[in-house]
Amino acid sequence: MYLEKYRLNGRTAFITGAGRGIGLAAAHAFAEAGARVVISDQSEVLLAEGLGILKDAGHDAHAVQLDVTRSDDVRRVADDAQQQFGPIDILFANAGIAWPDTGGEDMTDDVWLRMIDINLNGVFWCCRSFGRHMLERGRGSIVTTGSMSGLISNRPQRQAHYNAAKAGVHHLTRSLAGEWAARGVRVNSIAPGYIDTTMSGAGLRIPGLGDVWLEATPMGRAGTAEEIASVALFLASDASSLLTGAIIVADAGYSIW
Ligand code: NDP
């Protein structure tokens, strides 16, 4: 009875930023649970590699190139996806960037705007366009990727732009959850800590940087993309049927203090 609630048979999931990292791991998790998965990424090369890995594993996987900052493209892809793949039951709005680290006093307009455009605007464009279809059907689960940096300022890094964008993702998630709860669409977020993907992997291995991060992490280690994918599966599935507007912190304890 309980394990059945994690099953996604007959459902279709659309995942952004899924050419690698957390998005690709989530595609594996959703597909293993029985879903058809549609991965998207801005990079055609990453997308082709990711799709190959999923297909080699025998999954019902498809790929669509999408830059989440282009709201017209997001709308078109969301509309087309319903025709091409059937109703999209699950959206994992996950695409994001983290770099460069820049002190607030030195941050240029371009650096600030690019961060907000990808990490916050891109999440909203996806929630809006896929959410409309879910609301029409009265059913859907949206998961966004926030960050522990949306909860705390994460002092070892100088990332006011990243922190602000991720705090925005958390509050966007809670706002849409409140608006859509009575109409059958749940919206939840994951707040990962340091996860050993391309995004943070290089930093974790820089002496004097990675060890500072890990010393501040109570569990003393970084997470894996698969550990975040497990949380995404929980939130995407009926196992979390009572949750909406939740921010699940998966950071090895980093934000405790
Ligand atoms: P990765 O860099 O491994 O994967 C992110 C993917 O998103 C890349 O394939 C990237 O492609 C893609 N992407 C970037 N910009 C866009 C865009 N405009 N449109 C579509 N796709 C885009 O990082 P993670 O898997 O680690 O990160 C996934 C999410 O998790 C992000 O939102 C990140 O902020 C969040 N997160 C990650 C943490 C970590 O420590 N790794 C910690 C907390 C949160 P490309 O390389 O071509 O830009």
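Anything mentioned here points back to the structure above.
Residues numbered from 1 in each chain as written. Predicted model: local features only at pLDDT ≥ 70, side-chain atom pairs only at ≥ 80, totals over all residues.

A separate point is the overall build of the protein chain. On a plain count of helices and strands, the protein chain comes out with 8 helices and 7 strands. Here the C-alpha atoms of the protein chain give a radius of gyration of 17 Å, agreeing with the 18 Å that 2.2 N^0.38 yields for 257 residues. Counting over 257 residues, the protein chain shows a buried share of 45%. Considering only intrachain contacts with a sequence separation of at least 6, the fraction spanning at least 24 residues in the protein chain is 74%. (Helix = DSSP H or I, 4+ residues; strand = E, 2+ residues; numbered from the N terminus. Rg over C-alpha atoms; globule rule 2.2 N^0.38 Å. Buried ≥ 20, exposed ≤ 12 C-beta atoms within 10 Å, placed from the backbone. Contact = placed C-beta atoms within 7 Å.)

A few words now on the site of the ligand. Near the ligand lie 31 residues; those nearest to it are Gly17, Gly21, Gly96, Thr197 and Ser200. Elements with a contribution of two residues or more to the shell around the ligand: helix 1 (21-32), helix 4 (109-137) and helix 6 (198-204). When its residues are assigned to classes, the shell around the ligand shows 12 nonpolar, 16 polar and 3 charged. (Near = placed C-beta within 6 Å. Nonpolar A, V, L, I, M, F, W, Y, C, P; charged D, E, K, R; others polar.)

Residues three or four positions apart in an α-helix share a direction because the helix packs 3.6 residues into each turn. Here helix 5 (residues 160-180) contains 21 residues, and its C-alpha end-to-end distance of 30 Å stays within 8% of the 30 Å for a straight helix at 1.5 Å per residue. Of the positions making up helix 5, those classed as buried are His161, Tyr162, Asn163, Ala165, Lys166, Val169, Thr173, Leu176 and Trp180. Buried residues along helix 5 sit in contact with helix 4, strand 5 (140-145), strand 6 (185-192) and strand 7 (247-250). (Expected span 1.5 Å × (residues − 1).)

At a minimum axis separation of 8 Å, helix 1 and helix 8 (residues 225-236) run at an interaxial angle of 55°. Our classification of the angle between helix 1 and helix 8 gives oblique. Of the two elements, helix 1 crosses helix 8, and the hand of that crossing is right-handed. Of helix 8, the residues touching helix 1 (which contributes Gly21, Ile22, Ala25, Ala26, His28, Ala29 and Phe30) are Ala225, Glu226, Ile228, Ala229, Ser230, Ala232, Leu233 and Ala236. The residue makeup of the contact of helix 1 with helix 8, split by class, is 11 nonpolar, 3 polar and 1 charged. (Axes fitted to C-alpha atoms, helices over the stretch in contact; angles between N-to-C directions. Parallel < 35°, antiparallel > 145°, perpendicular 65-115°, else oblique. Left-handed = near helix turned anticlockwise from the far one by under 90°.)

Our next topic: the sheet that holds strand 1 (residues 12-15). The 7 strands lie next to each other as 3-2-1-4-5-6-7, forming an open sheet whose pairing is parallel. With one partner strand each, in any of the chains shown, strand 3 (61-65) and strand 7 form the two edges of the open sheet. The average undirected angle you get between the axes of adjacent strands in this sheet is 20°. Taken together, the 5 bridges between strand 2 (residues 36-41) and strand 3 define a ladder with parallel strand orientation. Of the residues in strand 3, the one forming a bridge with Val38 is His62. Along the sheet face, helix 8 touches strand 1, strand 4 (90-93), strand 5, strand 6 and strand 7 and points at about 165° away from the line of strand 6. (Pairing = 2+ DSSP bridges.)

Counting through the fold element by element, Tyr194 comes out in the loop between strand 6 and helix 6. Of the residues examined, Tyr194 has 24 C-beta atoms within 10 Å and is grouped as buried. Separated by 16 residues in sequence, Tyr194 and Gly210 have C-alpha atoms that sit 9.6 Å apart. Not counting residues within four places of it along the chain, the set of residues in contact with Tyr194 comprises Ser200, Leu204, Trp213, Thr217, Ala222 and Gly223.

Of note, the amide linkage connecting Trp99 to Pro100 takes the cis form, showing an omega dihedral of 5°. Structurally, Pro100 is set in the loop between strand 4 and helix 4. In this structure, Ala252 takes a positive phi of about 55° despite not being glycine. Within the secondary structure layout, Ala252 lies in the segment after strand 7. Since 21 C-beta atoms lie within 10 Å of it, Ala252 is described here as buried.

On to the packing of helix 4 against helix 5. Running from N to C, helix 4 and helix 5 cross one another at 15°; their axes reach a closest spacing of 9 Å. Between helix 4 and helix 5, the angle is such that the two are roughly parallel. In the crossing of helix 4 with helix 5, the sense of the turn from one axis to the other is right-handed. Of helix 5, the residues touching helix 4 (which contributes Val111, Trp112, Met115, Ile116, Asn119, Leu120, Val123, Phe124, Cys127, Gly131 and Leu135) are His161, Tyr162, Ala165, Lys166, Gly168, Val169, Leu172, Leu176 and Trp180.

Positionally, Ser129 belongs in helix 4. Using a count of 21 C-beta atoms within 10 Å as the deciding quantity, one classes Ser129 as buried. Along the backbone, Ser129 and Asp238 are 109 residues apart, and their C-alpha atoms lie at a distance of 22 Å. Not counting the four nearest positions on each side in its chain, Ser129 is found in contact with Val74, Arg75 and Ala78.

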